[in-house]
Amino acid sequence: MAAILQTHSLGISFGGLKAVQDLNLTLNEGDLVGLIGPNGAGKTTVFNLLTGMYLPTTGDIIFKGESIVGLKPYEIAAKGITRTFQNIRLFAELSVLENVLIARHLHAPYNMVHAILRLGKYYQGEKEMRAEAYELLKIMNLAHKAEEKAKNLPYGEQRRLEIARALATKPSLLLLDEPAAGMNPQETTDLMELIGFIRDKFNLTILLIEHDMHLVMNICERIYVLDYGINIAHGTPEEIKNNPRVIEAYLGEGA
Ligand SMILES: Nc1ncnc2c1ncn2[C@@H]1O[C@H](COP(=O)(O)OP(=O)(O)OP(=O)(O)O)[C@@H](O)[C@H]1O
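In this text the structure is predicted, and so the values were computed from the model without any measurement.

What counts, and at which threshold
Per chain, the residues get numbers from 1 upward, laid out in the order the sequence is written. Where totals are concerned, whole chains, interfaces and linings use all residues; where local detail is concerned, this predicted model gives features only for residues with pLDDT of at least 70, and gives and counts side-chain atom pairs only at 80 or more. Labels follow the DSSP assignment, with helices taken as runs of H or I lasting at least four residues and strands as runs of E lasting at least two, numbered in each case from the N terminus. Each residue is classed by its C-beta neighbour count within 10 Å, where at least 20 other C-beta atoms makes it buried, 12 or fewer makes it exposed, and intermediate counts make it partly exposed; the C-beta atoms are placed from backbone geometry. Here a strand pair is declared whenever DSSP counts at least two bridges between the two strands. When the strands point away from the viewer, a crossover counts as right-handed if the route from the first strand across the helix to the second turns clockwise. Once C-beta atoms are placed from the backbone, any two residues with those atoms within 7 Å are in contact. Per the annotation, domain bounds derive from an automatic or database assignment of domains. Amino acids are sorted into nonpolar (Ala, Val, Leu, Ile, Met, Phe, Trp, Tyr, Cys and Pro), charged (Asp, Glu, Lys and Arg) and polar (every other residue, Gly among them).

A.B. asks: What is the right way to look at the environment of Gly40 in this model?
C.D. replies: Tracing the chain through its elements places Gly40 in the loop between β4 (32-36) and α1 (43-50). Looking at Gly40, the number of C-beta atoms within 10 Å reads 15, which means it is partly exposed. The spatial distance from the C-alpha of Gly40 to the C-alpha of Ala19 is 8.3 Å, given a sequence separation of 21 residues.

A.B. asks: I keep staring at the pairing of β4 and nothing clicks. Help me out?
C.D. replies: Here is the key point about a regular strand: its side chains alternate between the two faces of the sheet. Of all the five residues making up β4, five are buried; the element is thus mostly covered by neighbouring parts of the structure. Covered by surrounding structure in β4 are Leu32, Gly34 and Ile36 together with Val33 and Leu35, the residues of both alternating faces. As paired elements, β4 and strand β9 (residues 205-209) share four bridges and run parallel to each other. Looking at the pairing, Leu32 lines up with Ile206 of β9. For β4 and strand β10 (residues 222-227), the ladder comprises four bridges, and the chain directions are parallel. Residue Val33 lies in a different strand from β10, and its bridge partner there is Arg222.

A.B. asks: How should I be thinking about unusual backbone geometry in this particular structure?
C.D. replies: In terms of backbone geometry, most residues other than glycine have negative phi values and most peptide bonds are trans. Phi at Lys170 takes a positive value of approximately 55°, unusual for a residue other than glycine. Looking at where Lys170 falls in the secondary structure, it is placed in the loop between α6 (155-168) and β8 (173-177). Under the C-beta neighbour-count criterion, Lys170 is labelled partly exposed, with 16 such atoms within 10 Å.

A.B. asks: Explain the pairing of β9 to me, please; I cannot follow it from the model alone.
C.D. replies: Of all five residues making up β9, five are buried, and the element is well covered by its neighbours. Alternating positions in β9 separate into two faces, Thr205, Leu207 and Ile209 on one and Ile206 and Leu208 on the other, with burial throughout. Sheet analysis places β8 next to β9, joined by five bridges and oriented parallel. Its bridge partner lying in β9, Asp177 is registered against Ile209. Between the parallel elements β8 and β9, the chain passes through helix α7 (residues 185-201) in a crossover that is right-handed.

A.B. asks: Can you help me understand the environment of Ala92 in this one?
C.D. replies: Tracing the backbone shows Ala92 in the loop between β7 (81-83) and α3 (96-104). Ala92 gets classed as partly exposed once you count the C-beta atoms within 10 Å, which come to 13. Spatially, the C-alpha atom of Ala92 lies 38 Å from that of Gly252, the residues being 160 residues apart in sequence. Once you skip the residues sitting within four places of it in the chain, Ala92 turns out to touch Lys149, Ala150 and Lys151.

A.B. asks: I tried to follow the domain arrangement of the protein on my own but got confused; where do I start?
C.D. replies: Here the domain parsing of the protein yields domain 1 (1-80 + 171-254) and domain 2 (91-168). Here the C-alpha centroids of domain 1 and domain 2 sit 27 Å apart. At the junction of the two partners, domain 1 supplies 10 residues and domain 2 supplies eight residues. Secondary-structure elements contributing two or more residues to the side of domain 1 that touches domain 2 are α2 (73-79) and α7. Among the residues forming the side of domain 1 that touches domain 2, the class breakdown is eight nonpolar, one polar and one charged.

In structure tokens, the structure reads:
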């Protein structure tokens, strides 16, 4: 199995604080991997590094064979890495469909000239993109809400819309930051199935941060554990569950 993403001794400091240190992460194509750790362990910082929002202090990030360090977030998105956020970031006043369409335009099948001159290719492209956006909404069980404003959706549906929007950018690597946060147990169970389903349907590699251990242990094939910015363990869910360093890190948190 080929590695789609590797980090080599990746690290970042904020003043004196080493938020992430010496991280060596490998994701193979098609992997569904978890990134867990107590609050403040550095998980979201890893996502910020992988998506170009932060520049690493040390190390390298290799995506599809080339370094992406120093690229702008939109350049990294265009290469195929997309994320969702811990705090939902939808366009609240736009419709559900428009939220997906905006993301879909990153890979529009026409160029600016076609759009300005309103050439046939533009109309054809717009039609295709709407159809694709609807298809994504159907998969995420949101098609019946296509015309609703995003802000009027219940929380669980907003989280699903975030994933639909991320998928619209046609990623090969999807980073999910606490996708089940705020969901009730039934919504979480449905989401678990959905994550596995989209991974297979869209040939995705998925890295997910999640505090819901039930979700992580059930769907992730491998798990990396961070504590104070350091990767203290890596293995299968079974190995992680029984790892004394992991148990200690979580007990320290009272979990
Ligand atoms: N831009 C920044 N400037 C200064 N410190 C930062 C910055 N971003 C993150 N940190 C610090 O880095 C550490 C790791 O934060 P991070 O948000 O990555 O943790 P986390 O594991 O995602 O936590 P949580 O589970 O609570 O979301 C924290 O101590 C945080 O305060």
